[in-house]
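Residues per chain are reported as follows:
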Amino acid sequence: MREDITNWMDRRSVLKATGAAGLVSLAGCVSTTDDEGNGNGNGNGNGDDGNGNGNGDGGSDDPYTIGMVDALTGSLSAFGERNQRGKDLALERVNDAGIDGRELDIVVEDSEGQSQGGVSAAQKLVNQDSVPFLIGAVGSGVSLAIYESVIEGTDVVQLSQNSTGLNLTEFPGLLRMSPTGRTQSVALADIIEEDGYDEVAITYVNNDYGQSLTDAFVEAYDGEVVYNTPHDQEQQSYSSVVSEMDGSGADAWLFVTYQAEFATMVNEAFSSGYEAQLYGADSVSGDNVLENTPEGSMDGMKIVVPSAPVEQENYQEFASAFESEYGEQPTAWSAYAYDCVVTAALSIQAADEFTGAALQETVRDVTRPEGEQVTTFEAASQILADGGGPSDVDYQGVSGPIDFDENGDPVGFLQILTVEDHDYVGTGFIES
């Protein structure tokens, strides 16, 4: 099994020191529509006459309406804030250019960071709003619950903006913009080994995301895992978890959890005087953690996060526009949400009609390398307007080349962040 992983990603040659600036989480206000409705229907159109409001509807100038399930509240809300800003910037650019003279509208519903909330939000969007394209969700377990409860068996396209859980690879009908977490797990195993630790204690959030990344780490790690225990979300205290990690004797601690939970653990470990080298998956990093933990409590911690190709011109242009609009640098999560919107818009323009079945035929092709490489919606849209088909376009996203494989997974980039002076500093890149 180890050979399979190392063949897939050259473990000893992937780390490239760069000194790039760390990624910064976002804050801001977002708006939603009312979360109501239930049922599990097969809605896949969005039309005035119930037969689709799309490219073959006789010249309607109404907006194309798609849906988005995001974590606007709950323990994953920091990701939702980032997503909304990336979504809004992309939507502005799409509508400036237009989709064959029409605008794009996105109805946003809140998952509250939970599977049931995500399912209810998706049911409302699919069954009541009849969206044929759904962006969602953040948590891997939420995305999978939506797919299995609402999307599977319909023609609706589902494209997750943030889910990295390994198990999603087993559901090729569920596309995602962020790379599989397997890359994170293998990279963390490499880093911990190269730092000289042959024992590690792990705690992970008790859901698909936490379990799958932890299992992949255990498989990739050559040392001994002396503590490997899940924890539930949104607990007031995790003192027993950190006490048990300290009691395991491991000098390296790995956290695969969310920001709020991790901040609580850091505070309790620091106040108890526990000392260990800390490591984390992407979901433990963010301004919320820095703001809610004491100075010095995480210094030296290393975190592996999905990253955009920050040296590419289209990302730099996106980052400049983002900072001008919001006063902050974007994160990779903002870039993923941005690219979800652009990919949806291109799929709509390339399709024969605005239905789920038609969008299923175009959503993968507009990012594949067979077409002409373009880095903006406007340039890709022009190819389609000039008579090109979906296979004539290769949209290179601000998050990377995308190019969904047969499992619905994209090409991905990762960045290594190190906590220095209670801030995140980029110290390396990993290309998968």
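On a predicted model such as this, the values are computed, not experimentally measured, just so you know.

K.L.:
Even after reading the chapter, I still don't get the overall build of the protein, so can you show me in this structure?
P.N.:
Summing up its helical and strand segments, the protein has 13 helices and 14 strands in all. Within the protein, residue pairs in contact and separated by at least 24 positions form 74% of the contacts whose partners lie at least 6 positions apart. Of the roughly 16000 Å² that the protein leaves accessible, carbon and sulfur atoms contribute 39%.

K.L.:
Looking at this structure, how should I read the side chain of Ser-77?
P.N.:
Locating Ser-77 in the fold gives a position in helix H2 (residues 77-97). A residue is classified by how much of its surface remains accessible, and Ser-77, at 19% relative accessible area, is buried. Look past the residues within four positions of Ser-77 in its chain and what remains in contact with it is Ala-71 and Leu-72.

K.L.:
I tried to follow the side chain of Glu-109 on my own but got confused; where do I start?
P.N.:
Relative to the helices and strands, Glu-109 is located in strand S2 (residues 104-110). One polar contact links Glu-109 to Lys-124, side chain to side chain, over a distance of 3.0 Å.

K.L.:
Would you mind going over the pairing of strand S9 (residues 277-280) with me for this structure?
P.N.:
One face of the sheet, then the other: side chains in a regular strand alternate in exactly this way. Here S9 shows no split at all, with Gln-277 and Tyr-279 on one side and Leu-278 and Gly-280 on the other all buried. Traced from strand S8 (residues 252-256) through helix H8 (residues 259-271) to S9, the parallel crossover comes out right-handed. Bridging between S9 and strand S10 (residues 302-307) involves two bridges; their strand directions are parallel. Looking across to S10, one finds that Tyr-279 is bridged to Lys-302.

K.L.:
What exactly am I supposed to notice about the packing of aromatic side chains here?
P.N.:
Each aromatic ring pair is described using two quantities: the centre-to-centre distance and the angle formed by the ring planes. Under the definition given, this model contains 14 aromatic pairs. Judged by centre distance (6.3 Å) and plane angle (75 degrees), the ring pair of Tyr-197 and Tyr-279 falls under edge-to-face. You can see Tyr-197 sitting in the loop between helix H5 (182-194) and strand S6 (199-205) and its partner Tyr-279 sitting in strand S9, a full 82 residues away along the chain. Tyr-197 sits in the partly exposed class, given a relative accessible area of 24%. Residue class for Tyr-279 comes out buried when judged on its relative accessible area of 0%. Above the ring of Phe-79, the side-chain terminus of Arg-82 is found at 5.0 Å from the ring centroid. Above the plane of the ring of Tyr-64 lies Arg-102, whose end atom (NZ or CZ) is 3.9 Å from the centre.

K.L.:
Would you explain the packing of H5 against helix H6 (residues 208-220) in this entry?
P.N.:
If you want to describe how two helices pack, look at the angle between their axes and the distance between the axes. Closest axis-to-axis distance for the H5/H6 pair is 8 Å, and the angle between their directions is 45 degrees. Comparing the axis directions of H5 and H6 gives the class oblique. Viewed along their axes, H5 and H6 form a crossing whose handedness is right-handed. Taking contact as the criterion, the partners of Arg-182, Gln-184, Ser-185, Val-186, Leu-188, Ala-189, Ile-192 and Glu-193 in H5 are, on H6, Leu-213, Ala-216, Phe-217, Glu-219 and Ala-220. For the contact of H5 with H6, the class distribution of residues is eight nonpolar, two polar and three charged.

K.L.:
Can you help me understand the confidence of the model for the protein in this one?
P.N.:
Here the protein averages 87 in pLDDT, and 86% of its residues register 70 or above. Counting interchain partners and residues more than four positions distant, the pLDDT-below-50 stretch residues 1-54 has 164 contacts.

K.L.:
I keep staring at H6 and nothing clicks. Help me out?
P.N.:
Given 3.6 residues per turn, any residue in an α-helix points the same way as the ones three and four places further on. Compared with an ideal rise of 1.5 Å per residue, which puts 13 residues at 18 Å, H6 spans 18 Å between its outermost C-alpha atoms and is within 8% of the ideal. All buried positions along H6 are accounted for by Asp-208, Tyr-209, Gly-210, Ser-212, Leu-213, Thr-214, Ala-216, Phe-217 and Ala-220.

K.L.:
Any chance you could explain the pattern of salt bridges here in plain terms?
P.N.:
Going through the model one piece at a time under the given rule, you end up with nine salt bridges. Lys-302 is paired through a salt bridge with Asp-195; the nearest N and O atoms lie 3.0 Å apart. Here Lys-302, found in strand S10, pairs with Asp-195, found in the loop between H5 and S6; they are 107 residues apart in sequence, far enough to count as distant. A single salt-bridge network, built from bridges that share partners, covers Glu-109, Lys-124 and Asp-129.

K.L.:
Got a minute to help me understand the nonpolar core in this structure?
P.N.:
The nonpolar side chains of soluble globular proteins are, as a tendency, buried together. By size, the foremost hydrophobic cluster in this structure holds 84 residues, and its most contacted members are Ile-66, Leu-104, Phe-133 and Phe-217. Ranked by residue count, the leading element in this core is helix H11 (residues 332-350), at 13 residues. Core analysis: the second largest hydrophobic core is formed by 24 residues, Met-265, Met-298, Ile-303 and Val-419 among them.

K.L.:
How should I be thinking about the environment of Leu-188 in this particular structure?
P.N.:
If you trace the backbone, Leu-188 turns up in helix H5. Distance from Leu-188 to Tyr-279, taken between C-alpha atoms, is 7.8 Å for residues 91 residues apart in sequence. When neighbours within four sequence positions are excluded, Leu-188 is seen to be in contact with Phe-217, Leu-254, Tyr-279, Gly-280, Ala-281 and Val-304.

K.L.:
I tried to follow the environment of Ala-335 on my own but got confused; where do I start?
P.N.:
Looking at the element boundaries, Ala-335 is found in helix H11. Linking Ala-335 and Phe-318, residues 17 residues apart in sequence, is a C-alpha distance of 8.3 Å. Excluding residues within four positions of it along the chain, Ala-335 makes contact with Ala-308, Tyr-315, Phe-318, Val-398 and Ser-399.

K.L.:
I'm lost on the sheet that holds strand S3 (residues 133-135) in this one. Help?
P.N.:
Note: strands within a sheet are paired through backbone hydrogen bonds, in either parallel or antiparallel orientation. Read from one edge of the open sheet, five strands run S2-S1-S3-S4-S5, paired in parallel fashion. Pairing within the sheet leaves two strands with one partner each, and these edge strands are S2 and strand S5 (174-176). Pairs of neighbouring strands in the sheet enclose a mean axial angle of 25 degrees, with direction left out of account. When strand S1 (residues 64-70) meets S2, the two strands line up parallel, connected through seven bridges. Bridged to Thr-65 within S2 is Asp-105. Strands in contact with H2 are S1 and S2; relative to S2, the strand with the most contacts, it is inclined by about 170 degrees.

K.L.:
Looking at this structure, how should I read the layout of surface pockets?
P.N.:
One water molecule sets the probe size; rolling that probe over the atoms shows where empty space is left. Taken as a whole, the second largest pocket encloses approximately 260 Å³ of empty space. Lining the second largest pocket we find 18 residues, and of these Tyr-274, Glu-275, Ala-276, Leu-278 and Ser-297 sit closest to its centre. Only S8 and H8 provide two or more residues apiece to the lining of the second largest pocket. Residue contributions to the lining of the second largest pocket peak at four residues, all from H8.

Cut-offs applied
- Residues numbered from 1 in each chain as written.
- Predicted model: local features only at pLDDT ≥ 70, side-chain atom pairs only at ≥ 80, totals over all residues.
- Heavy atoms only, no water.
- Helix = DSSP H or I, 4+ residues; strand = E, 2+ residues; numbered from the N terminus.
- Contact = heavy atoms within 4.5 Å.
- Areas by Shrake-Rupley, 256 points an atom, 1.4 Å probe, with all protein chains shown as cover.
- Buried < 20%, exposed > 50% of the residue type's maximum accessible area, 1.4 Å probe, protein only.
- Polar contact = N/O pair within 3.5 Å; in protein donor to acceptor, adjacent residues only side chain to side chain.
- Right-handed = clockwise from strand over helix to strand, strands pointing away.
- Pairing = 2+ DSSP bridges.
- Phe/Tyr/Trp six-rings, centres within 6.5 Å; stacked < 30°, edge-to-face > 60°.
- Lys NZ or Arg CZ within 6 Å of the ring centre and 35° of its normal.
- Axes fitted to C-alpha atoms, helices over the stretch in contact; angles between N-to-C directions.
- Parallel < 35°, antiparallel > 145°, perpendicular 65-115°, else oblique.
- Left-handed = near helix turned anticlockwise from the far one by under 90°.
- Nonpolar A, V, L, I, M, F, W, Y, C, P; charged D, E, K, R; others polar.
- pLDDT = per-residue confidence, 0-100.
- Expected span 1.5 Å × (residues − 1).
- Salt bridge = Lys/Arg side-chain N within 4 Å of Asp/Glu carboxyl O.
- Core = buried A, V, L, I, M, F, W, Y, C linked by side-chain atoms within 4.5 Å.
- 1 Å grid on protein atoms, 1.4 Å probe; cavity = no way out; pocket = protein on both sides within 12 Å on 5 of 7 lines; lining within 4 Å.
- Points joined across faces, edges and corners; volume = space filled by probe spheres on them.

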